[in-house]
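Summary of the model geometry
What follows is the residue order along each chain.
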Amino acid sequence: MSDAASTLPPRQVTLPDDLAAAIERALAAAPRQQWQREAQALSQRYRAPRAGDEPPLATGRDQALGYAALIMPATYAQLRGALAASAARIPEWQPATMLDIGSGPGTALWAAVEQWPTLRSLTAWEREPAFITLGRELTRGSTHVALKTTQWERIDLLRAPSASGQRYDLVVLGHVLNELAPDLRGAVVADAWQRTAGLLLIIEPGTSAAFPVVRAARDQLLTHQAHTIAPCAHDQPCPLVNDWCHFPQRLIRPPFQRQARGAPSQWEDSKFSYAAMARFAPPEQIWGRIIREVTSNKAYAEAKTSTRAGITTYRALKRHKEAYHYLRKLPWGGAFVQPPAPPIEPIEHERVPE
Ligand SMILES: C[S@@+](CC[C@H](N)C(=O)[O-])C[C@H]1O[C@@H](n2cnc3c(N)ncnc32)[C@H](O)[C@@H]1O
């Protein structure tokens, strides 16, 4: 096993200074108790199971502020993690145009320009006017020209304009599919793919409930000959059973998020599930990726991985000191280019379907 560390997302993420300052300015203009209350109510709504046909989760200025204070930092971190893992597989790729679908206050725009400063033309589609207003205010405070000149469009995805028009190098569906009724998601994914010239990133919270949404979208895109950039090492349906594929991204919490959450901890590990699907294949294959935190005990260390051959758990016995310590230190989310060599042994295996 090698190269696990070289294809890792950033160890920890902080909001860009200009974004944090812009959110602080917006929050300062509203009573603190109000956005704190809205943030906590929103957090509960986002955690509750959804069928997809409920009223919008966030509407109006106070709820948009609550979102920016509490949820946006976490989704920003998740997006940074997924974009970095994708970029690691396609180091030469340099997108210039981007469409953020269901943009909220523009979280993915900020994460994408951080990952790819080559982006020069950004478009955000959002249904809720309060998010568009807030998103505009935030991007106006940016030091990045592309962010400042973002084109904000009020669009309901369920009535999106025909996809015969413009295509974008990068398209993001960030934390939006899970808000839609299940029978409407397929059409939104198909439409997003039609608008994708390069890479389509689908990302949802890393929960057992949201992972199937990502898996279904990836399965759908595979039938359109999409290539998997990350996290999977192959272009077959995911063989994972009784588990969900998700990854952590550490976020250094901005002070306003700690206030909104009422939690003193300086950081959180924000979990996400994602599929980065492209119109081109990555230049080099990987053998697999670590899809759970590596565990260890007095006898052995174990790493659950998704590989080109299937889901494989590798084990190193403690008496094989070097292999044991090597496996124990491998990071969750790290990709590796070669199958592990003995004395690291596969102990469980679920095959990729033919
Ligand atoms: C959880 S937020 C995600 C915002 C942002 N993409 C992020 O990752 O932080 C989901 C967003 O999708 C928007 N949305 C939900 N249904 C929509 C629809 N039918 N058309 C357009 N936007 C929609 C919501 O208004 C909200 O801003």
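What you are looking at is a predicted structure, and each value in this text was computed from that prediction instead of being measured.

Our focus in this paragraph is the overall build of the protein chain. Looking only at helices and strands, one finds 10 helices and 15 strands in the protein chain. Over its C-alpha atoms, taken along the principal directions, the protein chain stretches across nearly 60 × 50 × 40 Å. In the protein chain, 78% of the contacts between residues at least 6 apart in sequence involve partners at least 24 apart.

Bringing helix α3 (residues 60-89) into the picture now. The sharpest bend along α3 comes to roughly 50°, located at I71, with the proline P73 sitting one to four residues further on. A large share of α3 lies buried, amounting to 26 of its 30 residues.

Here we come to the pairing of strand β15 (residues 345-351). With zero of its seven residues buried, β15 lies for the most part at the surface. Pairing geometry for strand β13 (residues 310-317) and β15, over six bridges, is antiparallel. Looking at the pairing, Y314 lines up with P346 of β15.

Our next topic: the site of the ligand. Close to the ligand lie 20 residues, the nearest being G102, G104, T107, R127 and G174. Sorting the residues of the shell around the ligand by element identifies α3 and α4 (107-115) as the ones contributing at least two each.

Looking at the protein chain, the domain boundaries give domain 1 (9-278) and domain 2 (288-351). Domain 1 and domain 2 are separated by 31 Å when their C-alpha centres are compared. Contacts between the two partners involve 12 residues from domain 1, matched on the other side by 12 residues from domain 2. For the side of domain 1 that touches domain 2, the class distribution of residues is 11 nonpolar, one polar and no charged.

A separate point is the environment of T14. Among the structural elements, T14 can be located in the loop between β1 (12-13) and α1 (17-28). When the C-alpha positions of T14 and R80 are compared, they lie 9.9 Å apart, and in sequence the two are 66 residues distant.

Two elements in contact, helix α7 (residues 182-194) and helix α8 (residues 211-222), have axes separated by 10 Å at closest approach and are oriented at 50°. Our classification of the angle between α7 and α8 gives oblique. Crossing of α7 over α8 shows right-handed handedness. Contacts between α7 and α8 pair R185, G186, V189 and W193 from the former with V213, A217, Q220 and L221 from the latter. Residues belonging to the contact of α7 with α8 are distributed by class as follows: five nonpolar, two polar and one charged.

Side chains that are nonpolar tend, in soluble globular proteins, to be buried together. Judged by nonpolar contacts, the single largest core of 105 residues is most densely connected at A69, A112, L201, I202 and L327. Of the residues forming this core, the biggest block, 17 residues, is contributed by α3. Residue-level mapping places this core at the junction of two domains, with at least three residues from each of domain 1 (9-278) and domain 2 (288-351). If sequence neighbours within four positions are ignored, L327 has contacts with V294, A301, A303, Y314, A316 and I344.

Peptide bonds are mostly trans, and most non-glycine residues show a negative phi. The residue after A230, namely P231, is reached through a cis peptide bond having omega 0°. Tracing the sequence through the fold places P231 in the loop between β7 (227-230) and β8 (247-252). Geometrically, the link from P342 to P343 is a cis peptide bond, its omega value of 15° lying close to zero. Following the sequence through the fold, P343 ends up in the loop between β14 (335-336) and β15. Phi is positive for H175, which is not a glycine, with a value near 55°. Relative to the helices and strands, H175 resides in the loop between β5 (168-174) and α7. Phi angles above zero are rare outside glycine, and Q225 is one such case at about 65°. Inspection of the secondary structure assignment puts Q225 in the loop between α8 and β7. Owing to 8 C-beta atoms within 10 Å, Q225 belongs among the exposed residues under this scheme.

About the thresholds
Residues numbered from 1 in each chain as written. Predicted model: local features only at pLDDT ≥ 70, side-chain atom pairs only at ≥ 80, totals over all residues. Helix = DSSP H or I, 4+ residues; strand = E, 2+ residues; numbered from the N terminus. Contact = placed C-beta atoms within 7 Å. Bend = angle between axes of the 7 residues up to and from the residue. Buried ≥ 20, exposed ≤ 12 C-beta atoms within 10 Å, placed from the backbone. Pairing = 2+ DSSP bridges. Near = placed C-beta within 6 Å. Domains from an automatic or database assignment. Nonpolar A, V, L, I, M, F, W, Y, C, P; charged D, E, K, R; others polar. Axes fitted to C-alpha atoms, helices over the stretch in contact; angles between N-to-C directions. Parallel < 35°, antiparallel > 145°, perpendicular 65-115°, else oblique. Left-handed = near helix turned anticlockwise from the far one by under 90°. Core = buried A, V, L, I, M, F, W, Y, C linked by C-beta atoms within 7 Å.

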